[in-house]
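# Per-entry structural report
Residue strings, one per chain:
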Amino acid sequence: MINPFYKQVYDLVRTIPQGKVMSYGQIAKNLGRPRSAREVGRAMRVCSVDNVPWQRVVMFDGRIAGGVHAPVRKAMLEAEGVQFLPDGRVDMKVCQVI
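The structure displayed is predicted, hence computed values, not measured ones. Here the residue numbers are simple positions, counted from 1 along each chain's written sequence. It should be noted that, the model being predicted, local features are given only for residues of pLDDT at least 70 and side-chain atom pairs only at 80 or more, the latter also being counted only at that level, while totals for whole chains, interfaces and linings use all residues. Hydrogens and water molecules were not included; the side-chain quantities draw on all heavy atoms of the structure.

### Topic: the layout of surface pockets
- The pocket and cavity definitions rest on a 1 Å grid over protein atoms only: a 1.4 Å probe that fits but cannot leave marks a cavity, an open set with protein on both sides within 12 Å along at least five of seven lines marks a pocket, and residues lining either have an atom within 4 Å of a point. Grid points are joined across faces, edges and corners, and a volume is the space filled by probe spheres set on the points. Considered as a void within the structure, the largest pocket measures approximately 520 Å³ in volume.
- Secondary structure elements are defined from DSSP: runs of H or I of at least 4 residues count as helices, runs of E of at least 2 residues count as strands, and each element is numbered from the N terminus. For the lining of the largest pocket, the elements supplying multiple residues, two or more each, are helix 2 (24-30) and helix 3 (37-45).
- For the lining of the largest pocket, the element with the most residues is helix 3, which contributes six residues.
- Charged means Asp, Glu, Lys or Arg here, nonpolar means Ala, Val, Leu, Ile, Met, Phe, Trp, Tyr, Cys or Pro, and polar covers whatever is left, Gly included. A per-class count over the lining of the largest pocket returns 11 nonpolar, four polar and four charged.

Following this line, the structure appears as structure tokens:
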């Protein structure tokens, strides 16, 4: 059985449009748990649910988490039209869902 909070996270992540991103903290805040960004990260790390665009969730400053998977995530975001800053971070001013 899926953790109820994780289900809420996945449902919200599914609403992020192509070419846009949300931060872990932004997701937590939108779900009424503003101090749960790390829990959102855990939910995303164990996500085995279909149709969850996990690549669209990034750090608050646009950094891409994911360790060895970060380059794959970046390539997926680039293919969606996400804009990046010269230092490799997502341009949150342009691409963040508000």
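Let us keep going from here.
### Quick notes on the environment of Trp54
- In this structure, Trp54 sits in the loop between helix 3 and strand 2 (57-58).
- Along the backbone, Trp54 and Val21 are 33 residues apart, and their C-alpha atoms lie at a distance of 9.7 Å.
- Dropping the residues within four chain positions of it, Trp54 is found in contact with Met44, Arg73 and Met76. Working rule for contacts: check all heavy atoms of both residues, and any pair within 4.5 Å makes them a contact.

### Remarks on the environment of Met22
- Along the chain, the position of Met22 falls in strand 1 (residues 22-23).
- Along the backbone, Met22 and Arg45 are 23 residues apart, and their C-alpha atoms lie at a distance of 15 Å.
- Setting aside residues no more than four positions away along its own chain, Met22 makes contact with Leu12, Ile16, Ile27, Asn30, Arg56, Val57, Val58 and Val97.

### Notes on the packing of aromatic side chains
- Put simply, two rings from Phe, Tyr or Trp (the six-membered ring, in Trp's case) pair if the centres are within 6.5 Å, and we call them stacked under 30 degrees between planes, edge-to-face over 60, tilted for the rest. The full count for this structure, using the stated rule, is one aromatic pair.
- By definition here, charges over rings are those cases where NZ of Lys or CZ of Arg is within 6 Å of the ring centre and within 35 degrees of the ring normal. Here Arg33 stacks its cationic end above the ring of Phe5, 4.0 Å away from the centre of that ring.
- Taking the ring centre of Phe84 as reference, the NZ or CZ of Lys74 above it sits at 5.0 Å.

### Thoughts on unusual backbone geometry
- With a phi close to 65 degrees, Asn51 is a non-glycine residue in the positive phi region.
- Looking at the secondary structure, you find Asn51 in the loop between helix 3 and strand 2.
- Throughout this description, buried means an accessible area under 20% of the type-specific maximum (1.4 Å probe, protein chains only), exposed means over 50%, and partly exposed covers the range between. Taking the relative accessible area as the measure of exposure, Asn51 reaches 68% and is therefore exposed.

### A short note on the nonpolar core
- Ranked by size, the top nonpolar core spans 16 residues in total, and within it Val9, Tyr10, Val13, Ile27, Val40, Met44 and Val57 carry the most contacts.
- Secondary-structure elements contributing two or more residues to this core are helix 1 (4-13), helix 2 and helix 3.
- The dominant element in this core, judged by the number of residues it contributes, is helix 1, at six residues.
- Not counting chain neighbours up to four residues away, the residues in contact with Val57 comprise Val13, Ile16, Met22, Ser23, Tyr24, Ile27, Met44 and Arg73.
- In this structure, Val21, Ile64, Leu77 and Met92 belong to the second largest nonpolar core, which totals nine residues. We call a set of buried residues a nonpolar core when its members are Ala, Val, Leu, Ile, Met, Phe, Trp, Tyr or Cys and they connect through side-chain atoms within 4.5 Å of each other.

Fair warning: the whole summary comes from geometry, so function is off the table for now.
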